[in-house]
There are 2 protein chains.
Amino acid sequence: MDVKDLFKEIKKFEGKDVTLEGWVRNNRNQSNFGFIDFNDGTYFQSLQLVYDKELSDFDTISKIHIGSAIRVKGKIIKSQGSGQTHELKVSFIELLGDCPEDYPIQPKRHTREFLREVAYLRPRTNLFNAVFRVRSVAAQAIHEYFQSNNYIYFHSPIITAADCEGSGQMFNVTTFDMNNLPLTEDKKVDYKKDLFGKQAYITGSGQLHGETYAMAYKKIYTFGPTMRTEKSNTKTHANEFWMIEPEVAFCDLEGIMDIEEEMLKYIVKYVMDKCPLEIDFFDKFVEKGLKEKLNKVITSSFVRITHKEAITLLKEAKVDFEFTPEYGQDIAKEHEKYITEYYNGPVFITNWPKDIKAFYMKLNDDNETVAAVDLEVPGSGELMGGSQREDDYDKLVKRMKEMGIPEDNLKWYTNLRRFGGCYHSGFGLGFERLIMYLTGIENIRDVIPYPRTPNNCDY
Amino acid sequence: MDVKDLFKEIKKFEGKDVTLEGWVRNNRNQSNFGFIDFNDGTYFQSLQLVYDKELSDFDTISKIHIGSAIRVKGKIIKSQGSGQTHELKVSFIELLGDCPEDYPIQPKRHTREFLREVAYLRPRTNLFNAVFRVRSVAAQAIHEYFQSNNYIYFHSPIITAADCEGSGQMFNVTTFDMNNLPLTEDKKVDYKKDLFGKQAYITGSGQLHGETYAMAYKKIYTFGPTMRTEKSNTKTHANEFWMIEPEVAFCDLEGIMDIEEEMLKYIVKYVMDKCPLEIDFFDKFVEKGLKEKLNKVITSSFVRITHKEAITLLKEAKVDFEFTPEYGQDIAKEHEKYITEYYNGPVFITNWPKDIKAFYMKLNDDNETVAAVDLEVPGSGELMGGSQREDDYDKLVKRMKEMGIPEDNLKWYTNLRRFGGCYHSGFGLGFERLIMYLTGIENIRDVIPYPRTPNNCDY
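Keep in mind that this is a model prediction, so the values were computed, not measured. (Residues numbered from 1 in each chain as written. Chains lettered and ligands numbered in written order. Predicted model: local features only at pLDDT ≥ 70, side-chain atom pairs only at ≥ 80, totals over all residues. Heavy atoms only, no water.)

Visitor: An account of the overall build of chain A is requested, with residue identities and associated values reported.
Guide: Scanning chain A for helices and strands turns up 13 helices and 16 strands. If you line up chain A on its principal axes, its C-alpha atoms span 85 × 60 × 45 Å. Within chain A, the fraction of its 459 residues that count as buried is 61%. Sequence-distant contacts in chain A: of pairs separated by 6 or more residues, those separated by 24 or more amount to 65%. Of the accessible surface of chain A, which amounts to about 18800 Å², a share of 47% is contributed by carbon and sulfur atoms. (Helix = DSSP H or I, 4+ residues; strand = E, 2+ residues; numbered from the N terminus. Buried < 20%, exposed > 50% of the residue type's maximum accessible area, 1.4 Å probe, protein only. Contact = heavy atoms within 4.5 Å. Areas by Shrake-Rupley, 256 points an atom, 1.4 Å probe, with all protein chains shown as cover.)

This is how it looks when you write it as structure tokens:
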């Protein structure tokens with residue numbers, strides 16, 4: 001039996017005997033009785049086990065180490081103490097797996113830096129147990145949102161031979177022994193001898209492939225790991241992360257904003273409903289005001305402004321920005337912060353200068369901006385980025401030429417505009433950014449089980 | 001509006017006007033009226049559009065090409081013809097995206113080999129539309145099964161520096177320009193200068209990492225892409241595929257078989273409930289008897305025999321096997337086939353010879369076999385492979401030494417046996433194998449959107 005199922009209907013179990021298996025989070029005792037904080041990981045809250053001198057092995061139990069795995073039998077009773085409504089009166093405890101006293105996770109405050117070093121043990125702490133449960137529940141919220149709205153979950157390939165996004169951002173993959181590379185006559189690596197018969201990479205996005213399936217299923221989403229080689233040692237960058245990339249046919253920029261807004265509200269509500277204890281914990285110990293922030297997201301209507309309007313707003317602001325906001329330019333973190341604080345909630349910024357955006361975004365009639373949209377949220381900055389896609393074959397090919405992207409490898413992509421093309425839009429949501437937003441955790445290394453960042457690939 | 005939502009409650013829409021957007025699968029007409037098979041991809045069945053001479057643009061509509069994207073307005077009426085209960089009487093059609101007559105997907109039978117060459121268009125055919133919808137729905141079945149049973153969805157890392165499974169099966173990843181590798185003084189590749197500061201690989205399994213989280217959450221599952229370098233050009237091997245790897249603490253071999261059986265029945269039932277048209281289609285055109293096979297899985301109780309019993313059964317069989325079955329040896333595809341046909345249903349084979357299984361499997365008391373289990377299913381052979389894990393620290397480390405696996409990189413793994421270790425088990429399910437089993441499709445290249453196999457990495 002899982003502790004979660006016990007807690008769900010704990011009144012029903014009053015006076016009943018149960019058998020549970022799990023771990024000892026703490027063991028405190030006096031001469032006549034003792035308490036074990038017992039947790040099997042399925043539920044945030046620990047169950048209090050009470051044992052007393054009448055047990056023949058009282059002395060053995062009172063010496064059970066923190067971290068040990070045990071099997072416990074006993075009766076669920078109303079608790080006399082504060083802090084819990086019920087507890088378990090022990091009739092029997094069996095030690096399944098001991099834990100030496102040098103066990104790194106002790107019932108005290110550990111720094112997050114220390115816990116990163118023992119990443120394989122940190123989910124046993126309250127904080128990380130909560131973080132990675134929210135991660136799991138948020139993933140399920142995403143699947144349920146899309147599946148219940150007729151989307152197809154599309155598995156885009158990870159390995160690709162099409163160097164379409166610029167290999168600067170992509171990892172190379174090879175089966176070669178790199179100390180013994182086969183070479184061609186002119187001393188270049190002979191990729192013909194590699195597994196795929198050509199040079200292969202890890203893609204940084206599934207979007208282009210996603211579009212091919214949107215043109216068959218109308219609505220698709222990807223949800224999978226993404227790897228990028230960015231050498232950025234910041235709190236918000238990792239070289240391996242998960243991303244969601246929905247793509248919707250017969251959908252314009254307004255439509256994709258509607259979907260982004262509806263989806264985010266759905267996820268936030270779902271997580272708050274399924275993880276109330278965890279959200280309370282984050283609200284109390286990680287980000288004060290988190291619950292209020294999340295509740296506001298659910299009930300408010302997201303503001304929609306153009307990039308031009310955003311720049312005007314920034315220019316009129318009585319603030320000394322480090323970077324001066326300019327029409328036609330990107331906006332900085334400090335600007336995002338000002339805008340979300342100004343509107344006190346999530347803000348869609350649309351119609352960005354074409355030169356700072358990707359080749360596949362739809363050119364607006366002004367010939368200067370594209371139908372792109374970023375969603376900025378208070379505290380976290382950019383949470384999603386999307387656009388309507390260029391569906392005009394000639395304009396797309398022209399833009400690719402201008403930006404030096406060869407069409408040969410992407411014939412299948414440009415052909416989508418020839419074979420029953422239609423107006424369509426999509427966006428990307430960085431899953432870790434979302435988890436940081438939902439939990440208040442500020443470092444991406446603390447929302448990924450085993451983070452990969454520059455010079456860090458442990459475990 | 002999605003065609004799926006229309007079909008779900010089509011009677012409600014009788015006599016009502018609707019507007020839909022989607023693609024023309026076929027356009028047949030005579031002098032006074034015509035029919036369009038209209039499909040927006042959200043539903044397997046096409047909607048029949050009827051248009052007649054009274055429309056001022058009858059001639060234009062009658063020339064709309066197959067594959068074109070259109071917007072249609074009209075009234076839902078009862079159909080006079082056979083083949084459908086309802087159809088849409090067109091009042092207006094707008095062409096959104098034309099499709100030239102050299103469009104490769106025409107309303108005729110294409111070979112699967114041809115469709116692999118236009119992989120980006122094949123989901124627009126009935127067969128592949130059905131396959132990849134089942135793939136999506138089966139994925140959701142898996143998530144719902146585990147989430148509703150208190151499992152945590154765990155994202156295991158893809159990139160690893162621990163060469164723990166033997167790098168022979170793993171891809172190398174690097175950010176280096178491979179034609180210009182930085183070298184150390186002794187002319188070896190200087191991995192210190194690579195992004196992670198050491199040599200990095202793509203893992204072939206998330207299991208070991210999964211165990212670390214099972215020791216915190218009791219029940220976890222992974223579900224993500226896996227890459228292996230196997231140079232096998234068979235119908236059942238791909239170099240990139242998706243895998244599900246559940247791991248459960250406080251669970252023995254019998255327990256993990258119970259879970260495998262319950263999960264498989266859940267998935268089969270879920271897919272049959274959600275995709276009845278698709279399953280009918282596969283039953284009719286891909287694998288005769290598929291429905292009966294799947295129904296039997298749901299209702300039967302899976303047989304459980306030991307490896308020894310299986311060998312005895314094979315030895316007693318009046319069949320000339322190409323490979324002679326032997327105690328202590330692996331079993332061949334022909335043996336799997338015989339066994340599943342003999343029992344006429346799924347069969348668990350347990351307690352395998354230790355020398356043909358992985359280092360982490362629990363040694364049985366006979367010192368010769370391990371607590372491993374393979375699930376064999378009729379038609380597809382091995383569908384899942386699992387085991388109880390060795391939870392005795394000394395035995396595990398001894399076995400690693402015997403098999404030449406250095407403990408240094410895996411301290412975090414062996415330590416799980418020191419820090420509150422417990423009996424635990426897990427298994428792996430190849431997602432593509434499952435989809436092949438559910439659809440009757442015989443080639444793995446036809447159940448992966450963009451398959452990667454030796455010498456094939458197109459798109």
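So that's the structure; there's more coming.
Visitor: I'd like a description of the sheet that holds strand S2 (residues 33–39) of chain A, backed by residues and values.
Guide: Residue and element names in this part refer to chain A. Strand order in the closed barrel formed by 5 strands is S1-S2-S3-S5-S4, and the pairing between neighbours is mixed. Mean inter-strand twist for the sheet, computed between neighbouring axes without regard to direction, equals 55°. Sheet topology note: the strand S1 (residues 17–29)/strand S4 (residues 69–78) ladder contains 7 bridges and is antiparallel. Within S4, the residue paired with Leu 20 across the bridge is Val 72. (Pairing = 2+ DSSP bridges. Axes fitted to C-alpha atoms, helices over the stretch in contact; angles between N-to-C directions.)

Visitor: Can you lay out the confidence of the model for chain A for me, pointing to particular residues and giving the numbers?
Guide: Summarising the model, chain A shows a mean pLDDT of 95, and 99% of its residues fall at 70 or more. With a pTM of 0.97, the predicted complex shows an ipTM of 0.97. (pLDDT = per-residue confidence, 0-100.)

Visitor: Which residues make up the pairing of strand S4 (residues 69–78) of chain B, and what are the values?
Guide: Within a regular strand, side chains alternate between the sheet's two faces. Here S4 of chain B pairs with strand S5 (residues 86–97) of chain B via 10 bridges, running antiparallel. By the bridge assignment for S5 of chain B, Ile 70 of chain B is matched with Leu 95 of chain B.

Visitor: Residue-level account of helix H10 (residues 333–343) of chain B, with values.
Guide: Residues and elements named next belong to chain B. Within the sequence span of H10, burial applies to His 335, Glu 336, Tyr 338, Ile 339 and Thr 340. In this fold, the buried residues of H10 make contact with strand S12 (303–306), helix H9 (307–316), strand S13 (347–353), strand S14 (369–377) and strand S15 (381–388). Phi turns positive one or two residues past the end of H10, at Asn 344, with a value near 55°.

Visitor: Residue-level account of the interface of chain A and chain B, with values.
Guide: On the side of chain B, 114 residues touch chain A, which itself brings 114 residues to the contact. Counting each side, the surface lost to burial between chain A and chain B is near 9400 Å², with a carbon and sulfur contribution of 58%. Three residues stand out in chain A for area buried against chain B, namely His 155, Met 178 and Phe 419 of chain A, and they jointly supply 8% of the buried area on that side. In this structure, the connection of chain A to chain B is made through 10 salt bridges. The residue Asp 458 of chain A makes a salt bridge to Lys 198 of chain B at a minimum N-O spacing of 3.1 Å. Where chain A meets chain B, there are 51 residue pairs in polar contact (both at pLDDT 80 or more). (Buried area = accessible area lost by both parts, 1.4 Å probe. Salt bridge = Lys/Arg side-chain N within 4 Å of Asp/Glu carboxyl O. Polar contact = N/O pair within 3.5 Å; in protein donor to acceptor, adjacent residues only side chain to side chain.)

Visitor: Report on the packing of helix H4 (residues 126–148) of chain B against helix H7 (residues 276–285) of chain B, specifying residues and quantitative values.
Guide: Residues and elements named next belong to chain B. Their axes nearest at 10 Å, the elements H4 and H7 cross at an angle of 125°. Between H4 and H7, the crossing angle belongs to the class labelled oblique. Here H4 and H7 pass one another in a crossing that is left-handed. Seen from H4, the contacting residues are Asn 126, Leu 127, Ala 130, Val 131, Arg 133 and Val 134; seen from H7, they are Glu 278, Phe 281 and Phe 282. Across the contact of H4 with H7, the residue classes tally to 6 nonpolar, 1 polar and 2 charged. (Parallel < 35°, antiparallel > 145°, perpendicular 65-115°, else oblique. Left-handed = near helix turned anticlockwise from the far one by under 90°. Nonpolar A, V, L, I, M, F, W, Y, C, P; charged D, E, K, R; others polar.)

Visitor: Now, about the nonpolar core: what can you tell me, with residues and values included?
Guide: Membership of the largest hydrophobic core comes to 224 residues, with the highest contact counts inside it found for Phe 431 and Leu 438 of chain A together with Phe 431 and Leu 438 of chain B. Apart from residues no more than four positions distant in its own chain, Phe 431 of chain A is found in contact with Arg 135, Ala 138, Ala 139, Ile 142, Phe 223, Trp 242, Met 243 and Ile 244 of chain A together with His 155 of chain B. (Core = buried A, V, L, I, M, F, W, Y, C linked by side-chain atoms within 4.5 Å.)

Visitor: Account for the relation of the copies chain A and chain B, naming residues and giving values.
Guide: Rotating chain A by 180° and translating it 0.0 Å along the rotation axis places it on chain B, where the RMSD comes to 0.0 Å. Expressed as a symmetry operation, the mapping of one chain copy onto the other fits a two-fold axis. Proximity to the rotation axis, assessed at the C-alpha, singles out Val 173 of chain A in chain A; its C-alpha lies 2.3 Å from the axis. With an isologous cut-off of 70% or more, the 100% of interface residues of chain A that recur at the interface of chain B puts this contact in the isologous class. (Least-squares fit on C-alpha atoms with pLDDT ≥ 70 in both.)

Visitor: So what's going on with the side chain of Lys 293 of chain B? Which residues, and what values?
Guide: All names here are of chain B. In this fold, Lys 293 is placed in helix H8 (residues 290–299). Looking at Lys 293, its side chain comes within polar contact range of the side chain of Glu 287, at 3.4 Å. With residues near it in sequence (within four places) discarded, Lys 293 still touches Glu 287, Pro 378 and Tyr 437.

Visitor: Could you give an account of the pattern of salt bridges, naming the residues involved and the relevant values?
Guide: Residue and element names in this part refer to chain A. Per the counting criterion, the structure on display carries 74 salt bridges over all chains. Between Asp 355 and Arg 399 there is a salt bridge, with its nearest N and O atoms 3.3 Å apart. With Asp 355 in the loop between strand S13 (347–353) and strand S14 (369–377) and Arg 399 in helix H11 (residues 393–402), the pair connects residues that are 44 residues apart, well separated along the chain. Assessed through its relative accessible area of 14%, Arg 399 is described here as buried. Of the charged contacts, one joins Glu 407 and Lys 411 as a salt bridge, the two residues approaching to 3.1 Å between their closest N and O atoms.

Visitor: Before we move on, could you go through the sheet that holds S14 of chain B and cite the residues and values that matter?
Guide: Residues and elements named next belong to chain B. What the 8 strands build is an open sheet, ordered S6-S10-S11-S16-S15-S14-S13-S12; its pairing is mixed. The open sheet terminates on both sides in strands that have one partner only, identified here as strand S6 (152–153) and S12. When S6 meets strand S10 (residues 219–227), the two strands line up parallel, connected through 2 bridges. Considered in S10, the bridge of Ile 152 is made with Ile 220. With respect to the sheet, H9 is in contact with S12 and S13, its orientation differing from that of S12 by roughly 90°.

Visitor: Describe in detail helix H11 (residues 393–402) of chain B, supporting the description with residues and values.
Guide: Helical geometry: 3.6 residues make up each α-helical turn, so side chains three or four residues apart lie on a common side. Residues and elements named next belong to chain B. Within H11, the full set of buried residues consists of Leu 396, Val 397, Arg 399 and Met 400. Seen along its axis, H11 keeps its buried residues to an arc of 160°; they face one direction. The exposed residues of H11 that point more than 90 degrees off its buried face are Asp 394, Lys 398 and Lys 401. Check the buried side of H11 and you find it contacts helix H12 (411–414). Two to three positions downstream of the cap, the backbone nitrogen of Asp 394 sits 3.0 Å from a side-chain oxygen, assigning the N-cap of H11 to Asp 392. (Arc of directions from axis to C-beta.)

Visitor: Describe the packing of H4 of chain B against helix H6 (residues 253–274) of chain B, and please don't skip the residues or the numbers.
Guide: Residue and element names in this part refer to chain B. The contact between H4 and H6 brings their axes to 9 Å, and the two run at 135°. Taken together, the axis directions place H4 and H6 in an arrangement best described as oblique. Note that H4 runs across H6; the crossing there is right-handed. Residues Val 134, Val 137, Ala 138, Gln 140, Ala 141, Ile 142, Glu 144, Tyr 145 and Phe 146 of H4 touch H6, and the partners they reach there are Ile 259, Glu 262, Met 263, Tyr 266, Ile 267, Tyr 270, Val 271 and Lys 274.

Visitor: Quick rundown of the pairing of S14 of chain A? Include the residues and the values.
Guide: All names here are of chain A. In terms of burial, S14 is largely enclosed, as 9 of its 9 residues are buried. Relative to S14, S13 runs antiparallel, the two sharing 6 bridges. Looking at the pairing, Phe 348 lines up with Leu 375 of S14. Across 6 bridges, the pairing between S14 and strand S15 (residues 381–388) is antiparallel.

Visitor: Give a detailed account of the environment of Glu 334 of chain B, specifying residues and quantitative values.
Guide: All names here are of chain B. Structurally, Glu 334 is set in helix H10. Exposure remark for Glu 334: the relative accessible area of 22% places this residue in the partly exposed category. Linking Glu 334 and Ala 200, residues 134 residues apart in sequence, is a C-alpha distance of 38 Å. Filtering out sequence-adjacent residues up to four positions away, Glu 334 remains in contact with Phe 321, Glu 322 and Phe 323. Looking at Glu 334, its side chain comes within polar contact range of the main-chain nitrogen of Glu 322, at 2.8 Å. Reaching out from Glu 334, the side chain makes a polar contact with the backbone nitrogen of Phe 323 at a distance of 2.7 Å.

Visitor: An account of the packing of aromatic side chains is needed here, citing residue identities and associated values.
Guide: In the structure shown here, the tally under the stated rule is 70 aromatic pairs over all chains. Geometrically, the ring pair formed by Trp 23 of chain A and Phe 250 of chain B is tilted, given 5.0 Å between the ring centres and 50° between the ring planes. Taken together, the residues span two chains, with Trp 23 of chain A in strand S1 and Phe 250 of chain B in the loop between strand S11 (240–249) and H6. Accessibility expressed as a relative area gives 7% for Trp 23 of chain A, which makes it buried. Taking relative accessible area as the criterion, Phe 250 of chain B reaches 8% and is therefore assigned buried. The lysine or arginine in question, Arg 122 of chain A, covers the ring of Phe 128 of chain A, its NZ or CZ lying 4.7 Å from the ring centre. A cation over a ring is seen here: Arg 417 of chain A above Tyr 413 of chain A, with NZ or CZ 4.4 Å from the ring centre. (Phe/Tyr/Trp six-rings, centres within 6.5 Å; stacked < 30°, edge-to-face > 60°. Lys NZ or Arg CZ within 6 Å of the ring centre and 35° of its normal.)

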